[in-house]
Amino acid sequence: MVQAAKRKRANSTAENFKDVRQKIRTLEAGLNDKSNLNSIVEIFKYAKSDNAQIAHAAIHALNRVFTHFLMNGDLKKLKNVDASSAQAKVQMWLHGQYVEYLTFVRSLLSSDEPGLQLPALNILMSNIKSESENLMNNSGAYHFTNDIYGLIIKAIIFNTNFNEHLRKELVEKYLNIYDDLRHYFMKDAAALMEQAYEKKEALRKSKKNKSTEPEEDLGLVAKNVFSILENIRTMPTEASEIDEFWTVNPRKYEAKPEKTKTDDLLGDEGLLSDSEIEEDEPVAAVQKGSGGKQQKKYKKRKHPLLQLGVHQRGFSDCWISMLKLPLTEEMYKKILLILHKRILPHMYEPKLLMDFLTESYNVGGAVSLLALNGLFTLITEHNL
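Residues numbered from 1 in each chain as written. Predicted model: local features only at pLDDT ≥ 70, side-chain atom pairs only at ≥ 80, totals over all residues. Heavy atoms only, no water.

Engineer: Mind showing me how you'd approach the overall build of the protein chain here?
Structural biologist: For the protein chain, the count of helices and strands is 14 helices and two strands. Within the span of the protein chain, comprising 384 residues, buried residues form 44% of the whole. Looking at the protein chain alone, contacts between residues at least 24 apart form 70% of all its contacts between residues at least 6 apart. Carbon and sulfur atoms make up 50% of the accessible area of the protein chain, which totals about 20900 Å². (Helix = DSSP H or I, 4+ residues; strand = E, 2+ residues; numbered from the N terminus. Buried < 20%, exposed > 50% of the residue type's maximum accessible area, 1.4 Å probe, protein only. Contact = heavy atoms within 4.5 Å. Areas by Shrake-Rupley, 256 points an atom, 1.4 Å probe, with all protein chains shown as cover.)

Next comes the structure, spelled out in structure tokens:
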């Protein structure tokens, strides 16, 4: 009797899912007509279902819907339109639904259900590609939507349920393959860790602090970031190895020779000042034109994401920021064991590890011996 009841409930659940999935498909199809925009709210309700299958179907449906609107320009702020007009209000509402949807999908990264965690990550990564492509199509210049990507990285490194499944999907499917995703991960993670560290230090030093705001668990952040960094094995050693991009190769959008702001060059956040940007060849070369007159011939500037030094700086910043956080003895050992072959060769300035190695030496025991090896390497191989 008990087994029969269980089978009946299972069959009922399966049938219910099929019915709901069909409803979701019908609602999605109806959104080809903008008079049915309220169907988004209905699909969103299914996305928040306790049934993982239903939620899975709904978040994918909404992803298709919003990607269509994004690429069609329907999420873009209208120009020369009265903000109080019906058209403007509909656009604002639609954009608000889009932002709410992305926020919800980011929250699924900490779900206890792997069947939602991994699809959420893949949807968010797909959205980065669509958003970047949309910006590039509209501007004719290279853009990486780091303002959106940074929120994903924050949800990952502060994740209280960052498990092996999610780590493996993130690293093996994205960070170990695509140079832009890996670089911006390191850049964003470094900035987020610095902010969290400085905030905690300020709270610790302030005697008048009466804040009830919960403190971030820096040990958790260190653990999450380290589990990612120790599995990244595709750091470039030559500029020619920087050739795989989740969005597009920045070389497609060649920089103009005149002075350009780095924000325009990179999208949402610049990496280098103009004085730091390398060139494939000198910026200007003097040559003789017709009639024997000297003319300046401008050369192409090399985009920052194609520069080895930029990737090394991002790598260095991420590791140094992580090493400031509370580490367990096991983490100290693991870091020191991979220091020589997997960290030092990619550091922009190896001497920045001196403080960490000194601190490691003070831990004592086996950690001290490993730290001595690291200090010896810095002294003999890097002239420190």
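The discussion continues.
Engineer: Would you take a moment to explain the side chain of Ser-132 for this structure?
Structural biologist: Among the secondary structure elements, Ser-132 is positioned in helix H5 (residues 114–139). Residue classification places Ser-132 among the buried residues on the basis of a relative accessible area of 0%.

Engineer: Where do I start with the side chain of Ser-227 in this structure?
Structural biologist: Within the fold, Ser-227 resides in helix H9 (residues 218–229). Of the polar contacts made by the side chain of Ser-227, one reaches the backbone oxygen of Asn-224; its length is 2.7 Å. Among residues more than four places away in sequence, those in contact with Ser-227 are Phe-162 and Arg-167. (Polar contact = N/O pair within 3.5 Å; in protein donor to acceptor, adjacent residues only side chain to side chain.)

Engineer: Got a minute to help me understand the environment of Arg-182 in this structure?
Structural biologist: Here Arg-182 shows up in helix H8 (residues 179–205). With 63 residues separating them along the chain, Arg-182 and Phe-245 place their C-alpha atoms 9.6 Å apart. Reaching out from Arg-182, the side chain makes a polar contact with the side chain of Asp-179 at a distance of 2.9 Å.

Engineer: Would you mind going over the nonpolar core with me for this structure?
Structural biologist: Note on soluble globular proteins: their nonpolar side chains tend to be buried together. Core analysis: the biggest nonpolar cluster contains 98 residues, and Tyr-149, Phe-185, Trp-319 and Met-322 have the highest contact counts within it. Ranked by residues supplied to this core, first place goes to helix H3 (residues 52–71) with 11 residues. (Core = buried A, V, L, I, M, F, W, Y, C linked by side-chain atoms within 4.5 Å.)

Engineer: Whenever I open this one, the packing of aromatic side chains confuses me. Can you help?
Structural biologist: Any aromatic ring pair is given by two values, namely how distant the centres are and how the planes are angled relative to each other. One pass over the structure, following the stated rule, counts 10 aromatic pairs. Seen in terms of ring centroids, Tyr-174 and Trp-246 are 5.4 Å apart; in terms of plane orientation they differ by 90°. Their pairing is edge-to-face. Of this pair, Tyr-174 sits in helix H7 (residues 164–175) while Trp-246 sits in the loop between H9 and helix H10 (262–266), placing them 72 residues apart in sequence. When its relative accessible area of 2% is taken as the criterion, Tyr-174 is described as buried. The class for Trp-246 is buried, based on a relative accessible area of 12%. Ring geometry for Tyr-332 versus Phe-356: centroids 5.8 Å apart, planes at 5°, classification stacked. Of this pair, Tyr-332 sits in helix H12 (residues 329–343) while Phe-356 is found in helix H13 (residues 354–361), placing the two residues 24 residues apart along the sequence. The pair Tyr-332 / Phe-356 is uniform in exposure class, with both members buried. (Phe/Tyr/Trp six-rings, centres within 6.5 Å; stacked < 30°, edge-to-face > 60°.)

Engineer: Looking at this structure, how should I read the pattern of salt bridges?
Structural biologist: Two side chains of opposite charge can pair, provided their charged atoms sit close to one another. Applying the stated rule across the entire model yields 10 salt bridges. A salt bridge links Glu-329 to Lys-333; its shortest N-O distance comes to 3.8 Å. Of this pair, Glu-329 and Lys-333 both sit in helix H12, separated by four residues, roughly a single helical turn. Given a relative accessible area of 26%, Lys-333 falls into the partly exposed group. (Salt bridge = Lys/Arg side-chain N within 4 Å of Asp/Glu carboxyl O.)

Engineer: Help me out: how do you make sense of the packing of helix H4 (residues 86–107) against H5 in this one?
Structural biologist: The description of two helices packed together rests on the angle between their axes and the distance between the axes. Remark: H4 packs on H5, axes separated minimally by 9 Å, with the N-to-C direction vectors making an angle of 140°. What the angle tells us is that H4 and H5 run oblique. Residue-level inspection shows Tyr-98, Tyr-101, Leu-102, Val-105 and Arg-106 of H4 in contact with H5, the latter providing Ala-120, Ile-123, Leu-124, Asn-127 and Glu-131. Along the lines of polarity and charge, the residues of the contact of H4 with H5 split into seven nonpolar, one polar and two charged. (Axes fitted to C-alpha atoms, helices over the stretch in contact; angles between N-to-C directions. Parallel < 35°, antiparallel > 145°, perpendicular 65-115°, else oblique. Nonpolar A, V, L, I, M, F, W, Y, C, P; charged D, E, K, R; others polar.)

Engineer: Mind showing me how you'd approach the environment of Glu-230 here?
Structural biologist: Within the secondary structure layout, Glu-230 lies in the loop between H9 and H10. Residue Glu-230 is classed as partly exposed on the basis of its relative accessible area, which comes to 22%. Residues Glu-230 and Ile-343, 113 residues apart in the sequence, show an inter-C-alpha distance of 9.3 Å. Once residues lying within four places of it in the same chain are set aside, the contact partners of Glu-230 are Lys-334, Ile-338 and Arg-342.

Engineer: Where do I start with a negative patch on the surface in this structure?
Structural biologist: A cluster of like negative charges, contributed by Glu-238, Glu-241, Asp-243 and Glu-244, occupies part of the molecular surface. The residue Glu-241 is located in the loop between H9 and H10 in this model. (Patch = residues over 30% accessible without salt bridge, like charges linked within 9 Å, V, L, I, M, F, W, Y side chains within 5 Å. Lys, Arg positive; Asp, Glu negative; His and termini not counted. Charge placed at Lys NZ, Arg CZ, Asp CG, Glu CD.)

Engineer: Help me understand a nonpolar patch on the surface in this model?
Structural biologist: Residues Tyr-361, Leu-369 and Leu-372 make up a contiguous nonpolar surface patch of about 310 Å² in total accessible area. Its place among the elements puts Leu-369 in helix H14 (residues 365–381). Here Leu-369 falls in the exposed class, since its relative accessible area comes to 57%.

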